[in-house]
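Listed below are the residues making up each chain.
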Amino acid sequence: MSVNQIRPLRLGMVGGGEGAYIGNIHRIAARLDGAFQLVAGAFDVDAARGHRFAVTQGIDPVRSYDDYQVMIAAENAREDRIEAVAICTPNHTHFPIAKAFLEAGYDVICEKPLTTTLKDAIELERLVEATGRFMGVTYTYSGYPMIHEAREMVAADQLGKIRVVQVEYPLEWMATAIEAQGNAQAAWRTDPKKSGRGGSIGDIGTHAYHLAGFVTGLKLEALSADLARFVDGRLLDDNAHVLLSYVGGARGLLWSSQVSLGCSNGIRLRVFGEKGGLAWFQEQPNELTFAPLLGRTEIIKRGGDDLSAAAKARTRTPPGHPEGYLEAFANLYLGFAEAIRAHREGRRPTAIGQHIPTAYDGLKGVAFVEAVVDSAEIDERRWLTPYAV
Ligand code: NAI
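Below: a short report on this structure. Please read all numbers here as calculations on a predicted model, not as lab measurements.

## Some thoughts on the pairing of strand β4 (residues 107–110)
In β4, alternate side chains face the same way, and those of Asp107 and Ile109 on one face and Val108 and Cys110 on the other are all buried. Of the strand pairs in this sheet, strand β3 (residues 84–88) and β4 are connected by four bridges, and their pairing is parallel. Its bridge partner lying in β4, Val85 is registered against Val108. In terms of handedness, the path from β3 via helix α4 (residues 94–103) over to β4 forms a crossover that is right-handed. Summarising the sheet, β4 and strand β5 (residues 135–137) pair through three bridges and their orientation is parallel. Across the sheet, Cys110 pairs through a bridge with Val137, a residue of β5. For the crossover that starts at β4, traverses helix α5 (residues 118–131) and ends in the parallel β5, the hand is right-handed.

Here it is, written out as structure tokens:
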């Protein structure tokens, strides 16, 4: 990876104000390699709190806005207007905010799930096509170099025909009704009007679904889902098991959970083919385990000289100096910046700007959530009691 020698793109942000989670990760990721410079924002649903927060981020008070509509109008009038916006707000607001920025001619970086309804996701994706703007969706885990290595290995047929995909994203932080005890982040995540129809499946199942498809290149043909609500009073699933059937015959199991005590952020992917198996676990993200049919199981380390160009493009430090979550997120930002520049310059993006999550991936994620919830609601017949119990 080379140091960025071109001027940073001017970035605006919606959401991500004081106490918010992902906005800060976006800010760190956007500036880690100098790909973007944050210059404007409507950081909070509470405008006054957003303005106070903007000061702490060194934003010119003139470019701290009451809301995203004021922001678009004011930025439109500037010569040094923002070049892209990062949307870091709860799910139900992604659609109107992204739509407004796309229509105003801005490139957009949007959080997942892209929208709360399939109709909105389709409309956004069409709008991206119609406006010719870029839209990146922050499927974080596809920023890891060892995930790109895994993807390259599958593409190079090192695993042979894929048979089984196991992917899981269990969390513990919502194992009790913290939404009723003032936890704002849990409150909107458990409110169908703000989160959408999916609970754990929309919040983290979408990450798992994207990761599995990203690495294997497999296309989902059908699914069968079981959703559970373990915490009393919760309106959305806090645990999901989804059987996956891929085009070509591979089978999979996806598990997302918000109630799994002991699991911090253990997103894990295992892929088994006719010639080999791969395993990756985000709590040890610098390593990929590969078990070939013939030969010993090996641990492939990030930073090695023999890794793919895709992995190398996303690597900053030599093996043994750990890279992790923030660097993976920054890789997405580097990719988005490169995609935006390449688009402007009418050229093919370099390695860092290829295989990045875009609006279409966001749309697929929303379609997945819809199908999971529909399956769980309509497919009552999947439960059979064994004859001898
Ligand atoms: P949060 O509740 O911590 O923060 C939301 C922020 O948005 C707050 O500052 C709030 O004031 C602001 N906000 C809400 N409505 C707004 C509006 N209309 N205009 C301006 N600001 C507004 O939420 P969190 O956990 O940061 O999640 C935000 C989004 O990021 C969600 O869509 C979530 O699914 C996604 N997310 C993605 C992750 C990833 O790994 N890519 C990880 C965590 C969250």
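The discussion continues.
## Points about the nonpolar core
Taken as a class, soluble globular proteins show a tendency for nonpolar side chains to be buried jointly. By size, the foremost hydrophobic cluster in this structure holds 45 residues, and its most contacted members are Val242, Leu254 and Phe368. For this core, the element with the highest residue contribution is helix α9 (residues 200–216), accounting for eight residues. Sequence-distant contacts of Leu254, that is, excluding residues within four places in its chain, are made with Val167, Ile201, Gly205, Ala208, Tyr209, Ala240, His241, Val242, Leu244 and Phe368. Residues Val39, Met71, Tyr139 and Val366 belong to the second largest nonpolar core, which totals 30 residues.

## Brief notes about the sheet that holds strand β7 (residues 220–228)
Reading across the sheet, the eight strands line up as β7-β8-β9-β6-β10-β11-β12-β13 and stay open at both edges, with mixed pairing between neighbours. Each of the sheet's edge strands pairs with one partner strand only, and the pair in question is β7 and β13 (298–301). In this sheet, neighbouring strand axes are inclined to one another by 15 degrees on average, regardless of whether the strands run parallel or antiparallel. Of the strands in this sheet, β6 (162–170), β7, β8 (239–246), β9 (251–257), β10 (268–273) and β11 (276–281) are in contact with α9, which crosses β9 at around 150 degrees. Running at roughly 60 degrees to β7, helix α12 (residues 359–378) makes contact with β7, β8 and β9 of the sheet.

## Some details on the packing of helix α3 (residues 68–76) against α4
Axis separation between α3 and α4 bottoms out at 10 Å; the angle between their running directions is 10 degrees. Taken together, α3 and α4 sit at an angle that is classed as roughly parallel. Across the interface between the two elements, Tyr68, Met71 and Ile72 from α3 touch Pro96, Ile97, Ala100 and Phe101 from α4. Residue classes in the contact of α3 with α4 are distributed as seven nonpolar, no polar and no charged.

## Let's talk about the sheet that holds strand β2 (residues 36–42)
An order of β2-β1-β3-β4-β5 is seen for the five strands of this open sheet, with the pairing classed as parallel. Edge positions in the sheet fall to β2 and β5, since each of these pairs with one other strand and no more. Direction aside, the axes of adjacent strands within the sheet are offset by 25 degrees on average. Strand direction decides the pairing type here: strand β1 (residues 9–15) and β2, joined by six bridges, are parallel.

## So, helix α1 (residues 22–32)
Ile22, Gly23, Ile25, His26, Arg27, Ala29 and Ala30 are the residues of α1 that are buried. Taken together, the buried residues of α1 touch β1, β2, α2 (47–56), β3, β4 and α11 (325–345).

## Re the environment of Thr56
Secondary-structure assignment places Thr56 in helix α2. Only 2.5 Å separates the side chain of Thr56 from the backbone oxygen of Phe53, close enough to count as a polar contact.

## Brief notes about the packing of aromatic side chains
Applying the stated criterion across every chain, the model contains 11 aromatic pairs. An angle of 70 degrees between the planes, with centres 5.8 Å apart, marks the rings of Phe101 and Tyr106 as edge-to-face. Per residue, the accessibility class of Phe101 equals that of Tyr106, and both read buried. With a centroid separation of 6.3 Å and an interplanar angle of 70 degrees, the aromatic rings of Tyr325 and Phe329 are classed as edge-to-face. Of the two residues, Tyr325 and Phe329 both sit in helix α11, four residues apart, roughly one turn of that helix. Using a relative accessible area of 0% as the deciding quantity, one classes Phe329 as buried. Through a chain of ring-to-ring contacts, three or more aromatic side chains come together here, namely Phe36, Phe134, Tyr325, Phe329, Tyr333 and Phe336. Across from the ring centre of Phe281, 4.0 Å away, lies the NZ or CZ of Arg268, which sits over that ring.

## Describing the site of the ligand
Near the ligand you find 26 residues, and of these Ile22, Asn91, Glu111, Thr140 and Gln185 are the closest. Within the side chain of Glu111, an N or O atom sits 3.0 Å from a nitrogen atom of the ligand. At 2.9 Å, a side-chain N or O of Arg189 approaches an oxygen atom of the ligand. When the ligand sits alone it has 860 Å² of accessible area, and the protein chains cover 89% of it. Looking at the shell around the ligand, the elements that each hand over two or more residues are β1, α7 (184–189) and α9.

Parameters at a glance
Residues numbered from 1 in each chain as written. Predicted model: local features only at pLDDT ≥ 70, side-chain atom pairs only at ≥ 80, totals over all residues. Heavy atoms only, no water. Buried < 20%, exposed > 50% of the residue type's maximum accessible area, 1.4 Å probe, protein only. Helix = DSSP H or I, 4+ residues; strand = E, 2+ residues; numbered from the N terminus. Pairing = 2+ DSSP bridges. Right-handed = clockwise from strand over helix to strand, strands pointing away. Core = buried A, V, L, I, M, F, W, Y, C linked by side-chain atoms within 4.5 Å. Contact = heavy atoms within 4.5 Å. Axes fitted to C-alpha atoms, helices over the stretch in contact; angles between N-to-C directions. Parallel < 35°, antiparallel > 145°, perpendicular 65-115°, else oblique. Nonpolar A, V, L, I, M, F, W, Y, C, P; charged D, E, K, R; others polar. Polar contact = N/O pair within 3.5 Å; in protein donor to acceptor, adjacent residues only side chain to side chain. Phe/Tyr/Trp six-rings, centres within 6.5 Å; stacked < 30°, edge-to-face > 60°. Lys NZ or Arg CZ within 6 Å of the ring centre and 35° of its normal. Near = heavy atom within 4 Å. Areas by Shrake-Rupley, 256 points an atom, 1.4 Å probe, with all protein chains shown as cover.

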